[in-house]
Structures are given as C-alpha cells and as structure tokens.
Amino acid sequence: MVEIRNVRAGYGKSEILHGINLKAAPGEITTLIGANGSGKSTLLRAVLGFLPLWGGDVVLDGISAKKMRRDELSRRIAYLPQGKNVPDITAGRMVLHGRFPYLHYPRRYGAEDMRIAGEAMDRMGIRELAERQMAQLSGGMRQKVYIAMALAQQADIIVMDEPTSYLDIGQQLKFAQMMRELSEDGKTVLLVLHDILLALKISHRIAALEEGRILQWGTPEEILEADTVSRLYGVTVKTHRTEAGTQYFYEI
Amino acid sequence: MKDKGMKNREYAEKKEYGRKFFFWGGTALCLAVAAFSLCLGNIHFSPAQLAGLLQGGGDRVSRSILIYARIPRTLAALSAGAALAVSGAVLQNVLANRLASPGIIGVNAGAGLGVTLCCGAGMLSGPAVSCAAFAGSLLTVLVIFLFSRRARASRTTVILSGVAMNSILNAVCESITVLDTDLAMLSIDFRVGGFSSVSYPRLLPALGLIALGMAGLFTLCNELDVLTLGDETAQGVGLAAGRYRMIFLALSALLAGAAVSFAGLLGFVGLIVPHFVRRFTGNESRRLLPMCAIAGAGFVTFCDLVSRLVFAPHELPVGILMSVAGGPVFLFLLLRRRGVHDSVPIDGKRKRRKRSGGEVSGDGDEHG
C-alpha cells in the first residue's frame, strides 16, 4: 500500500506538487494521467525519496518512507524511471543489478540472485539477450530489459514511469497482461501512462493530475463519466461494450 | 540450424575466452617488461645476473644499482601506471565521460600544485608530499564536480571546465616557481614527469596510498557499475548515488595524487589505457579495473624503459615520450567522437523537452 498524504514538493523555489493525497492499494493498478508538466513524474520521484518533501508524507505499508534507508526502500519499491542511461554492459548484468538492494558487503551476486534474474528475463522473454550489450539492443528490447530488472527486484510495490515507451502495440498488450498478473499476485502497481486508452483498459484506479493537483481520482468509468480526459487533453474517449469487455477509442 | 540462444552462448564463451587470454597475456607481458626494466639500463644485467643479484650475490656496485636505482624505479613506474590508469577509468565512469582523465581535467595539475606548495613551504618528507598531492587532486575533483552539478553542465562542459582548472592550476604553479627560484629546478623535472630521481622515502608512503585506493576501488566494483546506470536507476536499486560518487572521486583523486607525488605530471596514461582496455573487457568494473591496473603498469614501465634506452647514455624524461605518443591518440579519440550527441548533463537527466524518435533518451551514445 502506498499512501501519499498531502505531499508538497518542487524544484528550486517553484512548488510543483500542491498537497497531493492518493492511495495505491495492493492488488490494484493505479495510473497517473495528466498533460505534460502536470507533475506525474515529480510525484513518483517524491514517492521514491529522490525529491525532498516540502510537506506531507509518503507511507509505505504503514511505515513512513522518511524513516527508511535507501536499500530498505528499494526492497519495497521497484522503480523504472522515464529517462535511462544505456550503460555499456550486457543485458543479463543489467537485470542482475535489480538484485543490488539484497546484497550485503562485499556485495557480490550469488546463485540465488542469478536464478531470480533469469526468471525475470524469462518472464519478459529476453533470456536469449542475456549476453548482448545494452547498446546493441533496440529501444523496445532495452525497455524490456529495464522492466525485467524491476521484476528482479521482487518488491511489493512497482512504480513505473511511462513503461510502454518504445514498445510496439503487441508488446504493449503483453505488458498490460503482465501488469494485471502482478496486481493479481497482490503487488501494488503505480504507473504513469501517456496512452490514455491503455490506462483506461488496465487500471483499477486512475488519478488525473492537473498543475500539481489531483483533479480526479476514481475508477476508469468514473473518469470517463466526469469527462476528465476531455478537460486534460481536449479529446473525447468513447466506449463500446462487447462480450470481450469494454473497448475504448478516441472520437475524431 | 543453431537457435539464437545457443549462438549467444557460444559468442559469450568465445568472448570470455578472449578476456581470459587478454588478462593472462597482459599480466605476462607486464611481468616481462618489469623484468626488462630491472635488467636494462646504462649497465645491463643478464637474467642470470639479475637472479643472482636478487639472491644477494654479485658485486656491491651492481647490487647497489639494482636495489637503489632499478627496483625503486621499476616499482614506481608500475605503481604510477596502474594508479593513473585505474584513476582514469573510474573518473570516466563517474563523470560519464570517456574523455575524462586525471591529466586532462586538472587532477594531476591539482596534485602538482599541492606538491609545489608543500615543497615551497619546506616540507620535503615523503608522507608530507604524498598528502599534499592527494589534497590538491581531491580539491580539484571537488571543484569540477560541484561546478558541473550546479551548472547542470553537459559532458563537454565538464571536460572544458577541467581543462580550465588545469590551466589555472598550472599558471599558479608557474607563478610560484618563478617567485621561488629554489623550486624552479625541482619544478622542471616534476612538470615533465619521470622516474629518474625516485627514492624509497618518496615512493613508499605513496605506495601505501595507492594500495589503499586500489583496495577500496576493487571492493566497490558493483557499486561503481550501478552508479554508471544513472542517478535515478542507481537510487532505485538502493545505492546512495551522491555519496558513492563522492567516494569514487576521492579514491580516484587519491590514486592520481599519490602517483603524481613521486612521478610528476605524467599525461595521457589515464586516458589512453582505459580506452584501450575497454575494447577487450567491456565496461564492467570487476574486469575493467584490474586490467587497467595491469595494462597501465606495463605501458608506463615500457615507456620508461624506452626513454632510458633510446638515447642512452642520455635519458629522455618518460613524460615527454608519453605526451608524444598520447597527443595523437587523444586527437584520434576526438575525431572518433565527431557527430556524437553531447548535451546530456552529468547526472544523466535531460532538461524537459518533447521526445522524438524511438531511441531511449539518456547518455547511451557515450557508453555505446
């Protein structure tokens, strides 16, 4: 469970988040949506402790994040940032670094770490890329490696900032399925997505941010009923119910 | 037909074999160069004579040459080469810039200024000189790092700020030696760099610092690798990125400062050697750093040997030889970087802008 309580934060002297309250529950996918600059990534960075809080608190499973050490926090939250370096190491090693929070001095990876990293790679279907250099991979493949790295972290809370960037439509749907499976496993999933249709499709709850404030927090149906998407992005989303479930599409 | 997985495994095994060959071949070559360095000079020893002298045999003059000239000189060349190469590799990873090296971004010059001030103050003991060199190099690294962070400087700007620091520190050093004529003679040898006047009292404290720095870095290989993933990814897996960056900068300054304290301002070792070694070992520190130490030690000892023999009985300072060899290599590296996008701040975070194209934004171009 991630509880964001009246969080205020910003860069330099400018406040970006003006008292955010939000709960992301275990077994649910909570997605942040909002226009560029609305504070979605900033909120994730505040949750992870990368930004000092100017006010409020972030509580993880009943414990204030302020009281946790960095490695303790990393065992609870796996994070996939938006902009990432492409280090000159193999994909296998990259995924293995997901086990770093569990290492004790002198911090060497053991057989158990390798097994878990291998399972994470299998789950993403990238085992055969283990020996390939990250720089040799396409954007989509790299993204899968980063997601596998987050899975190898085996945290109960998974936070991802635009994880479907660079994934083709087939991979996006597989990713959506995987997020569903993770939430069914009892994980708390907190995502930032720019693809509103995907957000509506996979999320249990959506938080719509506007200028550093929560405009609306609710189920996809509630978001659609309030016409929040139209207010945020200037587009209208229509629904079509079929036997396979609700389909969403933009009205052009 | 072989499947992809098997092909990748075969490729990995082949690469691992190549790495092992490079490691053991490099070690053997380094040991051979060290043996030549002990044997060759104005007076040559045969391998049999060398073995006899090391066991306490031979005449007194030859033994004195070996013990008081050749051994400290070879030890100095080996340790300075290893320290500068490892320091360069660490700086390149921490600053996310392959053009960073202690000689180019002013770390050596900072150590040089520290030594000049120390000698100018009349403190000529080995430990005092080593500490002054370390303090000078550490202060320089800190200034460059803080400047880069504050200005959110791109990698090019980091290098240029280092070049500016280099220039300022050298100018201050020059001014001191102009004002203090006693220091002028010392300064010439020191600025060129070389091992002709190395002695045990100057060498041993520095060797202690180098051993300390190496031990620290070799035990922190995983942390260094995680740091190169970028600040947010590193913090995401539990590494206190800011704290570890400072630790790595301090350790690389320790190595460079200790080497400069007895070898003077040797240029380009910290730049060329990591570049060369990375081609064989990749970027993983557990392979890169030990190999940099071996290759750096072998390279500097070889250059010192050549500088001793090529104009024998006269001696060319090794720093000159290395600059002559290193300058063209640096130019070659600059040419190879032509067209490479270079506007990412050292913390890997771009300023907000609309993303275009399908590539991951970040500094992959630098590491690629």
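Above this text you will find the structure in question.
Description of the structure in this document. (Residues numbered from 1 in each chain as written. Chains lettered and ligands numbered in written order. Predicted model: local features only at pLDDT ≥ 70, side-chain atom pairs only at ≥ 80, totals over all residues. Heavy atoms only, no water.)

**Topic: the overall build of chain A**
The secondary structure content of chain A amounts to nine helices and 12 strands. Its C-alpha radius of gyration of 18 Å places chain A within 12% of the 18 Å reference for a compact globule of 252 residues. Based on the C-alpha atoms only, the size of chain A along its principal axes is roughly 50 × 45 × 30 Å. Relative to its full complement of 252 residues, chain A shows a buried share of 57%. Taking the intrachain contacts of chain A between residues at least 6 apart in sequence as the baseline, contacts between residues at least 24 apart amount to 63%. As presented, chain A carries roughly 10600 Å² of accessible surface, and 48% of it is formed by carbon and sulfur atoms. Computed over 32 positive and 30 negative side-chain charges, the inter-centroid distance for chain A is 6 Å. (Helix = DSSP H or I, 4+ residues; strand = E, 2+ residues; numbered from the N terminus. Rg over C-alpha atoms; globule rule 2.2 N^0.38 Å. Buried < 20%, exposed > 50% of the residue type's maximum accessible area, 1.4 Å probe, protein only. Contact = heavy atoms within 4.5 Å. Areas by Shrake-Rupley, 256 points an atom, 1.4 Å probe, with all protein chains shown as cover. Lys, Arg positive; Asp, Glu negative; His and termini not counted. Charge placed at Lys NZ, Arg CZ, Asp CG, Glu CD.)

**Notes on the packing of helix H12 (residues 269–281) of chain B against helix H13 (residues 285–309) of chain B**
All names here are of chain B. At a minimum axis separation of 9 Å, H12 and H13 run at an interaxial angle of 130°. By the angle between their directions, the pair H12 and H13 is classed as oblique. In the packing of H12 onto H13, the handedness of the crossing is right-handed. Together, Val269, Val273, Pro274, Val277, Arg278 and Thr281 of H12 and Arg287, Leu288, Met291, Cys292, Ala295, Gly296, Phe299 and Val300 of H13 make up the contact between the two elements. Looking at the contact of H12 with H13, its residues break down into 10 nonpolar, two polar and two charged. (Axes fitted to C-alpha atoms, helices over the stretch in contact; angles between N-to-C directions. Parallel < 35°, antiparallel > 145°, perpendicular 65-115°, else oblique. Left-handed = near helix turned anticlockwise from the far one by under 90°. Nonpolar A, V, L, I, M, F, W, Y, C, P; charged D, E, K, R; others polar.)

**Some remarks on the pairing of strand E1 (residues 2–11) of chain A**
Residues and elements named next belong to chain A. Sheet analysis places E1 next to strand E2 (residues 14–24), joined by eight bridges and oriented antiparallel. Bridged to isoleucine 4 within E2 is leucine 22. Counting the residues in the hairpin turn of E1 and E2 gives two residues, including glycine 12, whose phi is positive at 60°. (Pairing = 2+ DSSP bridges.)

**Quick word on the packing of helix H2 (residues 47–54) of chain B against helix H3 (residues 60–94) of chain B**
Residue and element names in this part refer to chain B. For the pair H2 and H3, the least separation of the axes is 10 Å and the interaxial angle reads 90°. Judged by the angle between their axes, H2 and H3 are roughly perpendicular. Seen from H2, the contacting residues are Leu50, Leu53 and Leu54; seen from H3, they are Ser62, Arg63, Leu66 and Ile71. Grouping the amino acids of the contact of H2 with H3 by side-chain chemistry returns five nonpolar, one polar and one charged.

**With respect to the environment of Thr228(A)**
Residues and elements named next belong to chain A. Turning to its location among the elements, threonine 228 is positioned in helix H9 (residues 228–233). With 19 residues separating them in the primary sequence, threonine 228 and leucine 209 have C-alpha atoms 9.9 Å apart. Residues within four places of threonine 228 in sequence aside, it is in contact with Ala208, Leu215, Gln216 and Ile223.

**Considering the sheet that holds strand E6 (residues 77–80) of chain A**
Two pairing modes exist for strands in a sheet, parallel and antiparallel, and in both the strands are linked by backbone hydrogen bonds. Residue and element names in this part refer to chain A. An order of E6-E7-E8-E3-E9-E10 is seen for the six strands of this open sheet, with the pairing classed as mixed. Each edge of the sheet is formed by a strand with only one pairing partner; in this case those strands are E6 and strand E10 (213–218). The sheet shows a mean angle of 15° between the axes of neighbouring strands, direction not considered. Packed on one face of the sheet, helix H6 (residues 169–184) meets strand E3 (29–34), strand E7 (157–161) and strand E8 (188–192) and runs near 145° to E8.

**Concerning the state of the cysteines**
All names here are of chain B. Across all of its chains, the model carries zero disulfides over all chains by this definition. Here cysteine 173 stays unpaired: no disulfide links it, and the sulfur of cysteine 119, its closest cysteine neighbor, is 9.9 Å away. Residue cysteine 292 stays outside any disulfide, its sulfur separated by 11 Å from that of cysteine 221, the closest cysteine. The exposure class of cysteine 292 is buried, given its relative accessible area of 0%. (Disulfide = S-S within 2.5 Å.)

**Comments concerning the pattern of salt bridges**
Counting across every chain of the model gives 20 salt bridges over all chains. Residue Asp113(A) pairs with Arg99(A) through a salt bridge whose shortest N-O separation is 3.2 Å. Placement of the pair is Asp113(A) in helix H4 (residues 111–124) and Arg99(A) in the loop between helix H3 (91–96) and H4, with a sequence separation of 14 residues. Of the residues examined, Arg99(A) reaches a relative accessible area of 5% and is grouped as buried. Here Glu210(A) ties to Arg231(A) by a salt bridge, and the two come within 2.8 Å at their closest N and O atoms. Of the two residues, Glu210(A) is situated in strand E9 (residues 205–210) and Arg231(A) in helix H9; the sequence distance between them amounts to 21 residues. Overall, the relative accessible area of 54% leaves Arg231(A) in the exposed class. Here the salt bridges do not stand alone but share partners, grouping Arg93(A), Glu284(B), Arg286(B) and Arg287(B) into one network. (Salt bridge = Lys/Arg side-chain N within 4 Å of Asp/Glu carboxyl O.)

**A closer look at the environment of His240(A)**
Residue and element names in this part refer to chain A. Along the chain, histidine 240 falls in strand E11 (residues 236–242). Spatially, the C-alpha atom of histidine 240 lies 53 Å from that of histidine 104, the residues being 136 residues apart in sequence. Every residue in contact with histidine 240, bar those within four places of it in the chain, is listed here: Gly245, Thr246, Gln247 and Phe249.

**Comments concerning the packing of aromatic side chains**
Tallying each qualifying case throughout the model produces six aromatic pairs over all chains. Seen in terms of ring centroids, Tyr244(B) and Phe248(B) are 6.3 Å apart; in terms of plane orientation they differ by 40°. Their pairing is tilted. Of this pair, Tyr244(B) and Phe248(B) both sit in helix H11 (residues 241–263), separated by four residues, roughly a single helical turn. Here the aromatic cluster, defined as three or more aromatic residues joined through ring pairs, consists of Phe22(B), Phe276(B) and Phe280(B). Between Arg99(A) and the ring centre of Tyr102(A), over which it is positioned, the NZ or CZ distance is 4.2 Å. Looking at Arg205(A), its charged tip hangs above the ring of Trp217(A), at a distance of 5.5 Å from the centre. (Phe/Tyr/Trp six-rings, centres within 6.5 Å; stacked < 30°, edge-to-face > 60°. Lys NZ or Arg CZ within 6 Å of the ring centre and 35° of its normal.)

**Some details on the sheet that holds E1(A)**
All names here are of chain A. Sheet architecture is open: four strands sit in the order E2-E1-E4-E5, paired in antiparallel fashion. Two strands lie at the open edges of the sheet, namely E2 and strand E5 (63–64), each paired on one side alone. Looking at chain direction, strand E4 (residues 55–60) and E5 are connected through two bridges and run antiparallel. Counterpart to valine 59 in the pairing with E5 is serine 64. Across the face of the sheet, helix H1 (residues 40–47) comes into contact with E1, E2 and E4 while running at roughly 110° to E1.

**Details of the side chain of Glu3(A)**
Residues and elements named next belong to chain A. Residue position: glutamate 3 is located in strand E1. Judged by relative accessible area, which is 15%, glutamate 3 ranks as buried. For glutamate 3, the side chain forms a polar contact with the side chain of arginine 5, separated by 3.0 Å. In this structure, glutamate 3 is in contact with Leu22, Lys23, Asp57, Val58 and Val59, ignoring residues within four places of it in sequence. (Polar contact = N/O pair within 3.5 Å; in protein donor to acceptor, adjacent residues only side chain to side chain.)

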